[in-house]
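Topology and contacts: notes
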Amino acid sequence: MNSSIWVNDSNTGNYTIGVPNEYPKSYRCHLAIMREDEGDFSAVILNLPGTGSCGDTEDEAVDNAREAAVAIIQSYVDDGVEIPWKEPGQYEIPAGVSQKWILVNA
């Protein structure tokens with residue numbers, strides 16, 4: 001199954017639209033993106049505990065975090081388990097990170 005992902009760049013307000021899936025349901029994910037000491041990037045989904053990824057570039061880290069979010073959300077849905085979303089204020093935003101909100105269809 002393909003997934004559709006809309007990415008909102010909080011700096012420009014521009015959206016990128018991905019490929020739609022058969023039964024899309026949108027989920028809003030808050031990313032923190034950090035440059036690591038080694039020069040690569042990490043992207044953590046702050047409002048979905050345990051979800052994140054990394055990449056050689058910021059865009060690659062965000063794309064990999066999207067894929068991780070789709071897989072984890074689909075796993076919760078398939079298992080009939082409530083997704084453990086965190087509300088703003090329930091998680092801490094690390095100092096010095098870039099932030100993006102993305103919509104993930106899973």
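Described below are features of the structure shown in this document. (Residues numbered from 1 in each chain as written. Predicted model: local features only at pLDDT ≥ 70, side-chain atom pairs only at ≥ 80, totals over all residues. Heavy atoms only, no water.)

1. Re the overall build of the protein
- Secondary structure assignment for the protein yields one helix and six strands.
- For the protein, the N- to C-terminal ordering of α and β elements is β-β-β-β-β-α-β.
- In the protein, which comprises 106 residues, the share counted as buried stands at 33%.
- Summed over all atoms, the accessible surface of the protein reaches about 6,400 Å², with 47% contributed by carbon and sulfur. (Helix = DSSP H or I, 4+ residues; strand = E, 2+ residues; numbered from the N terminus. Buried < 20%, exposed > 50% of the residue type's maximum accessible area, 1.4 Å probe, protein only. Areas by Shrake-Rupley, 256 points an atom, 1.4 Å probe, with all protein chains shown as cover.)

2. Let's talk about helix α1 (residues 58-79)
- Over its 22 residues, α1 runs 31 Å from end to end, which matches the ideal 32 Å to within 8%, given 1.5 Å per residue.
- Residues of α1 that are buried include every one of Ala61, Val62, Ala65, Arg66, Ala68, Ala69, Val70 and Ile73, and no others.
- Once α1 finishes, Gly80 follows within two positions and takes phi at roughly 70°, a positive value. (Expected span 1.5 Å × (residues − 1).)

3. What to know about the nonpolar core
- Formed by 18 residues in total, the largest nonpolar core has its most connected members in Cys29, Leu31, Ile73 and Val104.
- Of all the elements, α1 adds the most residues to this core, at six residues.
- With residues near it in sequence (within four places) discarded, Ile73 still touches Tyr27, Leu48, Ile83, Trp85, Val104 and Ala106. (Core = buried A, V, L, I, M, F, W, Y, C linked by side-chain atoms within 4.5 Å. Contact = heavy atoms within 4.5 Å.)

4. A few points about the packing of aromatic side chains
- Scanning all chains against the criterion turns up one aromatic pair.
- Here the guanidinium or amino end of Arg28 rests over the ring plane of Trp101, the centre of that ring lying 4.0 Å away. (Phe/Tyr/Trp six-rings, centres within 6.5 Å; stacked < 30°, edge-to-face > 60°. Lys NZ or Arg CZ within 6 Å of the ring centre and 35° of its normal.)

5. Focus on the pattern of salt bridges
- On inspection of all chains with the given rule, the structure shows one salt bridge.
- Of the charged contacts, one joins Asp63 and Arg66 as a salt bridge, the two residues approaching to 2.3 Å between their closest N and O atoms. Here Asp63 pairs with Arg66, and both are found in helix α1, just three residues apart, close to one helical turn.
- Taking the relative accessible area as the measure of exposure, Asp63 reaches 33% and is therefore partly exposed.
- In this structure Arg66 comes out as buried when scored by relative accessible area, which is 15%. (Salt bridge = Lys/Arg side-chain N within 4 Å of Asp/Glu carboxyl O.)

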